[in-house]
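Below are the chains, spelled out letter by letter.
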Amino acid sequence: MCTVCGCGGASIEGKGHDHGHDHGSGHAHSHSHSHGEGHSHAHSHGHSHDHDHAHEHAHDHAHSHDHAHDHGADHHHHGLGAAGVSVAGFSQARLIEVETGILAKNDAFALGNRRVLAALGAFAVNLVSSPGSGKTTLLCRTIEMLGRTTPLAVIEGDQQTANDAERIRATGARAIQINTGKGCHLDAHMVGHAMDDLALPPGAFLFIENVGNLVCPAAFDLGEDAKVAILSVTEGEDKPLKYPDMFTAARIAILNKTDLAPHCDADLDAYEANLRRVNPTIEILRLSARTGEGMQAWLDWLAAGLAAKARPARDGAA
């Protein structure tokens, strides 16, 4: 997983957030937030972030480099062991320790994001897919159909460029771009900072378009209400079986580009059968963001989620 992919170097549009997540070194999170003030603070965060991001960070940057090679332990350098990956110089026990620490820190930030969203009665969805599934097109069509009266904002995640954020802004919606550099996913800390900048109004939709990747985003909770897995009908009916973790983590799957199904011999029933093999409770919608076919069912699903989220927030305010 991210113990080997070299994730790091994330930046939030308009800021100097270098989220240097050295996921394989044991020195997780270098975080030199320049903020344009001419100084680089080592992330003690005296910003009084009111949304409870647990910014203590307890980073424990012990640079003694005692990687606990544990030569009697089972290194499995040429195969996969208990950690599910193999990295030269790291025992399986050490890989599990690093990965567990990364996910625990992420989960603390996700909890803070979730509290903010709950207090606002805002409904957040994390759109996940492989590249080219049509996430941005789906988002643009969704925003257009929701209309200007519905409060919403978008967080865009890509390794480079602000192209997708610019497409979203062209619809009139507010969007902020996070470029992850070498990183293969968004994490809850990045999303929390973007939420600060967006200042969501109560009762809003928050759409988070994750980096195109069906592996790492499955493991990283962002504080969202639901992961929405988007699957283009051109990708092959066995895609859920090849990437089961993502489709197990998703609450709903969207079979997108259904207008292309007749042209690529796609078996939509086989897609659904394979989705339910890995996740028997997953909700499935068939639609075409390009033609608009099936889009109303997606909007109805979003409206139901927002209504359910808004009720506890109103009750709490009362």
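Under an unreviewed UniProt entry, the name given to the chain is Hydrogenase maturation factor HypB, and the source organism is Phaeovulum vinaykumarii.

Trainee: Whenever I open this one, the overall build of the chain confuses me. Can you help?
Mentor: Looking only at helices and strands, the chain features eight helices and 10 strands. Here the chain, with 318 residues, has 52% of them falling under the buried criterion. As presented, the chain carries roughly 13,800 Å² of accessible surface, and 52% of it is formed by carbon and sulfur atoms.

Trainee: Just to check I follow, could you spell out the pairing of strand β9 (residues 252–256) for this structure?
Mentor: Remember that side chains alternate between the two faces of the sheet whenever the strand is regular. Along β9, five of the five residues are buried, which leaves the element largely enclosed by surrounding structure. Burial along β9 is two-sided: the residues Ile252, Ile254 and Asn256 and Ala253 and Leu255 are all buried. As defined by bridge partners, strand β8 (residues 226–232) adjoins β9 across five bridges and the pair is classed as parallel. Bridge pairing links Ile230 to Ile254 in β9. Both β9 and strand β10 (residues 283–286) contribute to a ladder of four bridges, which runs parallel.

Trainee: Looking at this model, I keep getting lost on helix α4 (residues 188–198). Mind explaining?
Mentor: For the α-helix, the turn length of 3.6 residues means that residues three or four positions removed from each other point alike. A large share of α4 lies buried, amounting to nine of its 11 residues. Inspection of α4 places Ala188, His189, Met190, Val191, Gly192, His193, Ala194, Met195 and Leu198 among the buried residues, and these make up the whole buried set. Capping the start of α4 is the job of one residue whose side-chain oxygen sits 3.1 Å from the backbone nitrogen of His189: Asp187. Phi turns positive one or two residues past the end of α4, at Ala199, with a value near 50 degrees.

Trainee: What exactly am I supposed to notice about the nonpolar core here?
Mentor: Grouped burial of nonpolar side chains is what soluble globular proteins tend to show. Of all hydrophobic cores here, the largest spans 30 residues; its most connected members are Phe207, Val228, Trp298, Trp301 and Leu302. Listing elements by their share of this core, those giving two or more residues are β4 (123–128), α2 (135–146), β5 (152–158), α3 (163–169), β7 (205–209), β8, β9 and α8 (295–317). Sort the elements by how many residues they give to this core and α8 lands first, with six residues. Excluding its chain neighbours within four sequence positions, the residues that come into contact with Val228 are Val125, Asn126, Leu127, Val128, Ile252, Ile254, Trp298 and Trp301. Formed by 20 residues, the second largest nonpolar core is a distinct cluster that contains Ile12, Ile178, Ala204 and Ile208.

Trainee: For this particular structure, what's the right way to read the side chain of Ser133?
Mentor: Along the chain, the position of Ser133 falls in the loop between β4 and α2. Relative accessible area serves as the criterion here: at 1%, Ser133 is assigned to the buried category. Side chain to side chain, Ser133 and Ser129 meet in a polar contact 2.6 Å long. Residue contacts for Ser133: discarding those within four places in its chain leaves Ile230, Ser232, Glu235, Asn256 and Lys257.

Trainee: How should the state of the cysteines be read in this particular structure?
Mentor: Disulfide: a covalent bond formed between the sulfur atoms of two cysteine residues. In the structure shown here, the tally under the stated rule is zero disulfides. Unpaired in this structure, Cys184 has its nearest cysteine sulfur neighbour in Cys216, at a distance of 3.2 Å.

Trainee: Looking at this structure, how should I read the pattern of salt bridges?
Mentor: Close approach of charged atoms lets side chains of opposite charge pair. Throughout the structure, instances matching the rule amount to nine salt bridges. For Arg114, the salt bridge identified is with Asp221, shortest N-O distance 2.9 Å. Of this pair, Arg114 sits in helix α1 (residues 92–120) while Asp221 sits in the loop between β7 and β8, and the two are 107 residues apart along the sequence. The partly exposed category is assigned to Arg114, whose relative accessible area is 31%.

Trainee: Help me understand helix α7 (residues 268–278) in this model?
Mentor: Buried within α7 we find Leu268, Tyr271, Glu272, Asn274, Leu275 and Val278. One face of α7 carries all of its buried residues, which in axial projection span an arc of 165 degrees. Looking at α7, the residues exposed on the side facing more than 90 degrees away from the buried face are Asp269 and Arg277. Those residues of α7 that are buried are in contact with β8, α5 (239–242), α6 (244–249), β9 and β10. Its side-chain oxygen placed 3.2 Å from the backbone nitrogen of Asp269, Asp267 serves as the N-cap of α7.

Trainee: Just to check I follow, could you spell out the confidence of the model for the chain for this structure?
Mentor: Where the model shows low pLDDT, its predicted coordinates should not be examined in detail. Mean pLDDT over the chain stands at 78; residues scoring 70 or higher make up 66%. Within the model, the stretch residues 17–79 combines pLDDT values under 50 with 140 contacts to residues more than four positions away or in other chains.

Trainee: Would you mind showing me how to read unusual backbone geometry here?
Mentor: Glycine aside, negative phi is the norm for most residues, and most peptide bonds take the trans geometry. At Thr161, a position not held by glycine, the phi torsion is positive, near 70 degrees. Inspection of the secondary structure assignment puts Thr161 in the loop between β5 and α3. A relative accessible area of 40% places Thr161 in the partly exposed class. One non-glycine residue with positive phi stands out, namely Lys257, at about 65 degrees.

Trainee: Can you help me understand the environment of Lys135 in this one?
Mentor: By the secondary structure assignment, Lys135 is in helix α2. A relative accessible area of 7% means that Lys135 is categorised as buried. Each C-alpha atom, one on Lys135 and one on Asp164, is 9.7 Å from the other, the two residues being 29 residues apart in sequence. Setting aside chain neighbours within four positions, we find Lys135 in contact with Leu127, Val128, Ser129, Ser130, Glu209, Asn210, Gly212 and Ile230. Engagement of the side chain of Lys135 in a polar contact is seen with the side chain of Ser129, the distance being 2.9 Å.

Conventions adopted
- Residues numbered from 1 in each chain as written.
- Predicted model: local features only at pLDDT ≥ 70, side-chain atom pairs only at ≥ 80, totals over all residues.
- Heavy atoms only, no water.
- Helix = DSSP H or I, 4+ residues; strand = E, 2+ residues; numbered from the N terminus.
- Buried < 20%, exposed > 50% of the residue type's maximum accessible area, 1.4 Å probe, protein only.
- Areas by Shrake-Rupley, 256 points an atom, 1.4 Å probe, with all protein chains shown as cover.
- Pairing = 2+ DSSP bridges.
- Polar contact = N/O pair within 3.5 Å; in protein donor to acceptor, adjacent residues only side chain to side chain.
- Core = buried A, V, L, I, M, F, W, Y, C linked by side-chain atoms within 4.5 Å.
- Contact = heavy atoms within 4.5 Å.
- Disulfide = S-S within 2.5 Å.
- Salt bridge = Lys/Arg side-chain N within 4 Å of Asp/Glu carboxyl O.
- Arc of directions from axis to C-beta.
- pLDDT = per-residue confidence, 0-100.

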